[in-house]
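Commentary on secondary and tertiary structure
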Amino acid sequence: MTVLRPLVSIVSCTLLCAFSQWATAAPPWMNMVPQGGKQPASDVKADYTLTKQNGPWLIVAATFRGYDAKPGTQLADAKHKQSSQEARQQAQELVIELRKKYKLAAFTHNRVDDYSERQSGNGIDRYGRPKRMKFLNDDDSLITEVAVLVGDYSAVEDPDCQAALKQIKVMHPDALDVDHGKGSCLITLGVQAAAFGKNDIRHERAPMAKAFVSRNPLLPPETAQNRGVDKMVADMNREVEFSLLKCRGKYTVQVATFTGEVIIDQNKIQQVKSSESAGHSRLAEAAEKAHKVTATLREMGYEAYEFHDRSSSIVTVGGFESTGTPRTDGKIEINPVAFKIIELFKAKDPNARPGQTSLAPTGALQPARVANISMDLQPMMVEVPRRSISADYSTARD
């Protein structure tokens, strides 16, 4: 069963909010709920170095290479090798163009390698000591590689990630126009020049055709594992118009939950989708209720989503990048927009006066209703589920 984890240790913020009946037209604050991306900054003087806050998945679009002499040495064949400063400058030019012209959030990530140092090899020498090896292309140089990454994607299968990857693979940015002396430090162009000659580079091939998706190298590997739904659940939500898997935020507010019997077999899931058996399945009934509530909320102007797994269906509202603001006591002051959603859809005491805190027992509370269907008594913030390749691998091994 896929579990959406409720976010604990969230305290009520001290906002004083007054609401009319939930069935009225969508209030103005709903316009504050994030919907879609935004234009990334593109300041030529800004530093767009990759951080741990980016990702966890990104597209490796290009890599630039530069050479520097080690202290006290001279760079061999220096006239044919470009410096690390040139590699960084060319990477920065590509980042700015991707941000400004193509509306893609791009970053740089640097790595310096010293190939002149001896490395431990396999086996031992005649004295019984580990073998010491050196790289073939040893010229006492420091090699700097600057990767250009595009990202802030929560999952490999994120539709935005896959769309951006396809775009990048066929892109011909001005920053990589070899005819005008651009992008000379790009590793791919260097390989092409070596294969065909510097005056016969195959221009017809896009310079970033080898782009691929990778996790943020600054994060530990476990951050990209076991965080998503498996393939079967992803397939159950694939054709849903307002699927929660399409929500761009990291968190959302769960306002309704509908349960049914647990189904594991894929063939039975397909039967549930068919009209012949839909009316006889509690899981199908749960899905129908969730869809009806989501459609109604969308008609009212709310950013509503539905999500279905093997045992239940849920409805959520909103998409948020964070749960709220950390306080000095270690707790979280909940996101004010999410707080308003929770207050709006939570069960109410019908006898309570406006602005009065209800002290009625749970059984006396009246749940909010949408499309004549009861919502959860207490909405809560949950993490938005994502499709995870690691979860697919885990399922295949089980």
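For the structure given in this document, a descriptive report is provided here. Model, not experiment: these values are computed from the prediction. (Residues numbered from 1 in each chain as written. Predicted model: local features only at pLDDT ≥ 70, side-chain atom pairs only at ≥ 80, totals over all residues. Heavy atoms only, no water.)

Focus: the pattern of salt bridges
We count it as follows: Within this document, salt bridges are pairs made up of a side-chain nitrogen of Lys or Arg and a carboxyl oxygen of Asp or Glu, the two lying within 4 Å of each other. We count a stretch as a helix when DSSP gives it H or I for four or more residues in a row; a strand needs E for two or more, and each element gets its number in order from the N terminus. Accessibility here uses a 1.4 Å probe with only protein chains present; expressed as a share of the type maximum, an area under 20% marks a residue as buried, one over 50% as exposed, and anything in between as partly exposed.
Tallied over the full model, the rule gives six salt bridges. Put simply, glutamate 145 and arginine 65 hold a salt bridge, and the shortest N to O gap is 2.6 Å. A residue pair is termed long-range when its members are at least 10 positions apart, and glutamate 145 in strand β6 (residues 141–153) and arginine 65 in strand β2 (residues 57–69) qualify at 80 residues. According to the relative accessible area criterion, glutamate 145 is buried, its value standing at 13%. Several salt bridges share partner residues, and in doing so they unite Arg65, Arg111 and Glu145 into one network.

Looking at helix α8 (residues 336–345)
Quick reminder of the rule: Contacts were defined at the residue level, with two residues in contact if any of their heavy atoms lie within 4.5 Å. We define a polar contact as two N or O atoms separated by no more than 3.5 Å, with the added condition that, inside protein, one atom must be a possible hydrogen donor and the other a possible acceptor, whereas residues neighbouring each other in sequence contribute only through side-chain atom pairs.
With seven of ten residues buried, α8 is to be regarded as a mostly interior element. Every buried residue of α8 is accounted for by Val337, Ala338, Phe339, Ile341, Ile342, Leu344 and Phe345. Buried residues belonging to α8 abut β9 (251–259), α7 (282–299), β11 (312–320), β13 (332–334), β14 (369–370) and β16 (380–383). Its side-chain oxygen at 3.0 Å from the backbone nitrogen of valine 337, asparagine 335 defines the N-terminal cap of α8.

Some thoughts on the nonpolar core
Where we set the bar: What we call a nonpolar core is a set of buried Ala, Val, Leu, Ile, Met, Phe, Trp, Tyr and Cys residues that are connected through their side-chain atoms within 4.5 Å.
Judged by nonpolar contacts, the single largest core of 31 residues is most densely connected at Ile59, Phe64, Leu94, Leu98, Val150 and Ile168. For this core, the secondary-structure elements that each account for two or more residues are β2, α1 (84–100), β6 and α2 (159–169). The dominant element in this core, judged by the number of residues it contributes, is α1, at six residues. Judged by nonpolar contacts, the second largest core, of 26 residues, contains Tyr302, Val315, Ile342 and Ile373.

Brief notes about the environment of leucine 219
You can see leucine 219 is positioned in the loop between β7 (212–215) and β8 (228–229). Residues leucine 219 and tryptophan 57, 162 residues apart in the sequence, show an inter-C-alpha distance of 10.0 Å. Not counting the four nearest positions on each side in its chain, leucine 219 is found in contact with Lys52, Asn54 and Pro56.

Details of the sheet that holds strand β10 (residues 304–308)
In plain terms, the rule: Paired strands, as defined in this entry, are two strands with at least two bridges between them according to DSSP. Convention adopted: a line fitted to C-alpha atoms gives each axis, helices being fitted over their contacting stretch, and angles between N-to-C directions are expressed from 0 to 180 degrees.
The strand order across the open sheet built from four strands is β10-β11-β9-β16, with neighbouring strands paired in antiparallel fashion. Two strands lie at the open edges of the sheet, namely β10 and β16, each paired on one side alone. Going from strand to strand, the sheet's axes swing by 45° on average, the running direction of each strand aside. The pairing of β10 with β11 spans five bridges and is classified as antiparallel. Pairing of phenylalanine 307 across the sheet is with isoleucine 314, part of β11. Each of β9, β10 and β11 touches α7; the most contacted strand, β10, lies at about 170° to it.

Examining the packing of aromatic side chains
Under the convention used in this document: In this analysis, rings of Phe, Tyr and Trp, with Trp reduced to its six-membered ring, are considered paired at centre separations within 6.5 Å, and the interplanar angle assigns stacked below 30 degrees, edge-to-face beyond 60, and tilted for intermediate values. Here, a charge over a ring is recorded when the distance from Lys NZ or Arg CZ to the ring centre is within 6 Å and its angle to the ring normal is within 35 degrees.
Summed over all chains, the structure comprises one aromatic pair. Aromatic pair tyrosine 302 and phenylalanine 345: ring centres 5.7 Å apart, planes at 70°, arrangement edge-to-face. In this pair, tyrosine 302 is assigned in the loop between α7 and β10 and phenylalanine 345 in helix α8, connecting sequence segments 43 residues apart. Here tyrosine 302 and phenylalanine 345 have matching classes, each one buried. Over the face of the ring belonging to tyrosine 48 we find arginine 99, whose NZ or CZ atom lies 3.9 Å from the ring centre. Its end group placed over the ring of tyrosine 305, arginine 298 keeps NZ or CZ at 5.0 Å from the ring centre.

So, unusual backbone geometry
You will see that aspartate 152, though not glycine, has its phi angle at about 75°, which is positive. Examined against the element boundaries, aspartate 152 turns out to sit in strand β6. Under the relative-accessibility criterion, aspartate 152 is labelled partly exposed at 38%. A positive phi angle, near 55°, is found at alanine 371, a position not held by glycine.

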